[in-house]
Amino acid sequence: MSYFNGEASHWLAASPADDIAPAPLPREKQDLVIVGGGLTGLWSAYYARQAHPDWAITIIEARHIGYGASGRNGGWLSTLLPGNRTKFAEAVDRARKSDPTGPVGSAGLDGVASVSAFQAALFDSIDEVLDVCTVEGIDAHQVRGGHIDIAQSEVGLSRLRELQAGNEQFGYGPEDMHFLDAEATRAHINVDKALGSLYFPGTAAIDPALLTRGLGHVLRKQGVTICEATSARHIRKNSVATDRGPVYANTIFVCLEGYSDTVGGDLPGLQGRQVIPVFSSMIATEPLPAEAWASIGWEGRECLGDTAHTFVYAQRTADDRIALGGRGAPYAYRSGLPGDGEVPAEVVDLLAGRLSSLFPDLEFDVAHAWRGALGVTRDWCAGVFFDPTQRIGVARGYAGHGVTATHLAAKTLLDRAAGDATPLTALPWNDHFSGQWEPEPIRWLGIRSMYKIFGFADAWESATGAKKTSLLARFGSRLAGLHE
Ligand SMILES: Cc1cc2nc3c(=O)[nH]c(=O)nc-3n(C[C@H](O)[C@H](O)[C@H](O)COP(=O)(O)OP(=O)(O)OC[C@H]3O[C@@H](n4cnc5c(N)ncnc54)[C@H](O)[C@@H]3O)c2cc1C
């Protein structure tokens, strides 16, 4: 099998970049400097420009816009909340007692209501991202076909029922989610052995490179300075030291996600080892012929997920490929970074095998494989932070659910920086402390064990025809801090 491997992603390789030399570093002090040219940084610049047409705004990006997870992801602009809802709710209830005047504690909502407000804000973010694409003329191949989690086993069906109940508790109404039986599921996508599914109409599929590059293009037109090929090294109050010299600013946002460890400084939400890079890998097939689509269906371009512990996520692309991702080889010792995203051959085989198990009759060739870094915290919850003394803000830790959440995080960072108490600054991820990761080699062993446990649990459940999630998987979730 011969395919492109790495090159950041299929999306980036397929989409033309603005052919522009890196902007000179600004000499005059900026109103806002943003470190990191992914979606968190781009949305921050976009809404800062909307609110302040006169501000001097600069983005510092080590490689090019979208080089990180934002240009490599599965393209699910999804309703999924970036973290563990029970943990967020518990933290809110604790904050109401210990810090009743703080941003989250003073909002007057208990934990469950606060997480439901968070969910509602994410629903709004999907609408707003799509609206911005329309208003600014960004064609990111966006289509709002929803997402569909399909169960191919009894135990998968039981997990969907649990998910449905959890979603109802935390803010999903009947219009946000429907259970589909086997026939209705196959009418959407003809997945082998599909027994049923949960369908979420709110989700949209996008092409990540077209969205990030489109936003970059809009920002340049709006006078935002984008300094690509510029690495930040150290950040402190009012200044960012880069490999091309210093940049000065009133306010600084650090939007580095899986790359957060590449800069020094006393940064809120990043002291110690609060975020590590965990890899997610993807393959994209060659475009599939019309006969293949006639048998698969998938006409709504829904985002497709499954119910395995080692879950996969997929979309049908605008040019009729299947792009499918999962988590083989998830972690490099000492929090190594993914570079240009080359994927070990065994991970490509694993993902191709999983695609075959969804569509056993499908003949396909892998055209491209790549991987990227998620930013993951110890309790898998994202957080938004702002230190008013240094005027430094940080948003990070979305794990695999950042495409929508980056939009909300950017708006939240701007409200925090303005010093306004708003509904966004009261959401439970504000100042959410997730704990510290263990030192090596415990961290490496822990993450590898977690993925191995989930792999064994999937195999055991499938071999035994289990009807309930195995104790092994529940143990793995607790170990990982993923349990809801
Ligand atoms: C393979 C994959 C699939 C995913 N699929 C989905 C999905 O379908 N849906 C979903 O919701 N989420 C998904 N995610 C997660 C989502 O893509 C991320 O949460 C989101 O893009 C994070 O955006 P960001 O701007 O915070 O970080 P990033 O996009 O990682 O941006 C950080 C930027 O900082 C730059 N940088 C690094 N170091 C420095 C430095 N020292 N100085 C300056 N710049 C620097 C990087 O080059 C990068 O461009 C996926 C992630 C991956 C990797």
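Along each chain, numbering runs from 1 in the same order as the chain's sequence is written. Selection of residues for local features in this predicted model requires a pLDDT of at least 70, selection of side-chain atom pairs for listing and counting requires 80 or more, and totals for whole chains, interfaces and linings are taken over all residues. The basis for every side-chain value is the complete set of non-hydrogen atoms in the structure, without hydrogens or water.

**Student:** Can you help me understand the site of the ligand in this one?
**Tutor:** If a single non-hydrogen atom of a residue is within 4 Å of a molecule or strand, that residue counts as near it. Taken together, 40 residues sit near the ligand, with T40, E61, S70, G400 and V403 positioned nearest. In this structure, G400 approaches the ligand through a main-chain N or O atom, which is 2.8 Å from a nitrogen atom. Surface burial for the ligand is 97%, taken as the share of its 1000 Å² of free accessible area covered by protein chains. Think of it this way: any DSSP run of H or I at least four residues long counts as a helix, any run of E at least two long counts as a strand, and we number them from the N terminus. Elements supplying a minimum of two residues to the shell around the ligand: α2 (39-51), β13 (276-285) and β17 (366-376). With three residues, β17 is the single largest residue contributor to the shell around the ligand. For the shell around the ligand, the class distribution of residues is 19 nonpolar, 18 polar and three charged. Think of a polar contact as two N or O atoms within 3.5 Å of one another; within protein, one of them needs to be a possible hydrogen donor and the other a possible acceptor, and neighboring residues in sequence only count if both atoms come from side chains. In these tables, accessible area is a Shrake-Rupley quantity obtained with a 1.4 Å probe, and a residue counts as shielded only by the protein chains included in the view. Amino acids are sorted into nonpolar (Ala, Val, Leu, Ile, Met, Phe, Trp, Tyr, Cys and Pro), charged (Asp, Glu, Lys and Arg) and polar (every other residue, Gly among them).

**Student:** I would appreciate a short explanation of the domain arrangement of the chain in the present structure.
**Tutor:** For interface size, the figure often reported is the accessible area lost on association. Note: domain ranges come from an automatic or database domain assignment. Splitting the chain by domain gives domain 1 (1-143 + 205-275 + 383-437) and domain 2 (440-484). On a C-alpha basis, the centres of domain 1 and domain 2 stand 31 Å from each other.

**Student:** Please clarify how the pattern of salt bridges should be interpreted in this entry.
**Tutor:** Only one rule defines a salt bridge in this text: a Lys or Arg side-chain nitrogen within 4 Å of an Asp or Glu carboxyl oxygen. Inspection of the entire model under this criterion finds 13 salt bridges. Its salt-bridge partner being R354, residue D306 comes within 2.7 Å of it at the nearest N-O pair. One end of the pair, D306, is in strand β14 (residues 303-306); the other, R354, is in helix α9 (residues 345-358), and 48 residues separate them in sequence. As far as burial versus exposure is concerned, D306 and R354 are alike and both buried. A salt bridge links R316 to D320; the shortest N-O distance between them is 2.8 Å. When accessible area is computed with a 1.4 Å probe and restricted to protein chains, residues below 20% of their type maximum are described as buried, those above 50% as exposed, and intermediate ones as partly exposed. On the basis of relative accessible area, R316 is assigned to the buried category, the value being 11%. Bridged by salt links that share partners, the residues E286, D319 and R321 form one connected network.

**Student:** Before we go on, may I ask you to explain the packing of aromatic side chains in this structure?
**Tutor:** Two numbers describe a pair of aromatic rings. These are the distance of the centres and the angle of the planes. Only Phe, Tyr and Trp rings are paired, with Trp represented by its six-membered ring, and only when their centres lie within 6.5 Å; those with planes under 30 degrees apart are stacked, over 60 edge-to-face, the remainder tilted. Here the structure, examined in full by the defined rule, presents twelve aromatic pairs. A ring pair is formed by W43 and Y46, whose centres lie 6.0 Å apart and whose planes are at 90 degrees; its orientation type is edge-to-face. Linking W43 with Y46, this pair stays in helix α2, spanning three residues, or about one helical turn. Classification of W43 by relative accessible area gives buried; the value is 0%. Measuring from ring centre to ring centre gives 5.8 Å for Y172 and F200, while their planes differ by 75 degrees; the resulting arrangement is edge-to-face. Of this pair, Y172 sits in the loop between α5 (154-169) and β6 (178-181) while F200 is found in strand β7 (residues 196-200), placing the two residues 28 residues apart along the sequence. Here Y172 matches F200 in class, with each residue buried. Grouped by ring-pair contacts, the aromatic residues F88, F118, Y398 and W429 constitute a single cluster. Here the basic side chain of R72 rests over the ring of Y67, its NZ or CZ set 4.6 Å away from the ring centre. Its end group placed over the ring of F179, R161 keeps NZ or CZ at 3.6 Å from the ring centre. By the criterion adopted, a ring carries a charge over it if an Arg CZ or a Lys NZ lies within 6 Å of its centre and within 35 degrees of its normal.

**Student:** Honestly, the sheet that holds strand β16 (residues 322-326) in this entry has me stumped. Any pointers?
**Tutor:** Backbone hydrogen bonds are what pair the strands of a sheet, in a parallel or an antiparallel way. Sheet architecture is open: nine strands sit in the order β1-β17-β13-β16-β15-β14-β5-β7-β6, paired in mixed fashion. Taken across any chain shown, the strands that pair with only one partner, and hence form the sheet edges, are β1 (4-5) and β6. Only when DSSP finds a minimum of two bridges between them are two strands counted as paired. Of the pairings in the sheet, the one linking strand β5 (residues 147-151) to β7 comprises five bridges and is antiparallel in character. Bridged to I148 within β7 is Y199. Across the face of the sheet, α5 comes into contact with β5, β6 and β7 while running at roughly 30 degrees to β7. In what follows, a contact means two residues having at least one pair of non-hydrogen atoms within 4.5 Å. Note on geometry: axes are lines fitted to C-alpha atoms, helical ones only across the stretch in contact, with angles between N-to-C directions running from 0 to 180 degrees.

**Student:** Is there a simple way to explain α5 in this structure?
**Tutor:** Owing to its 3.6 residues per turn, the α-helix brings residues three or four apart onto one side. If you check α5, its first and last C-alpha atoms are 23 Å apart, about what 16 residues at 1.5 Å a residue would give, namely 22 Å. Looking one or two residues past α5, G171 carries a phi angle of roughly 105 degrees, positive in sign. Multiply 1.5 Å by the residue count of a helix minus one, and that product is the helix's expected span.

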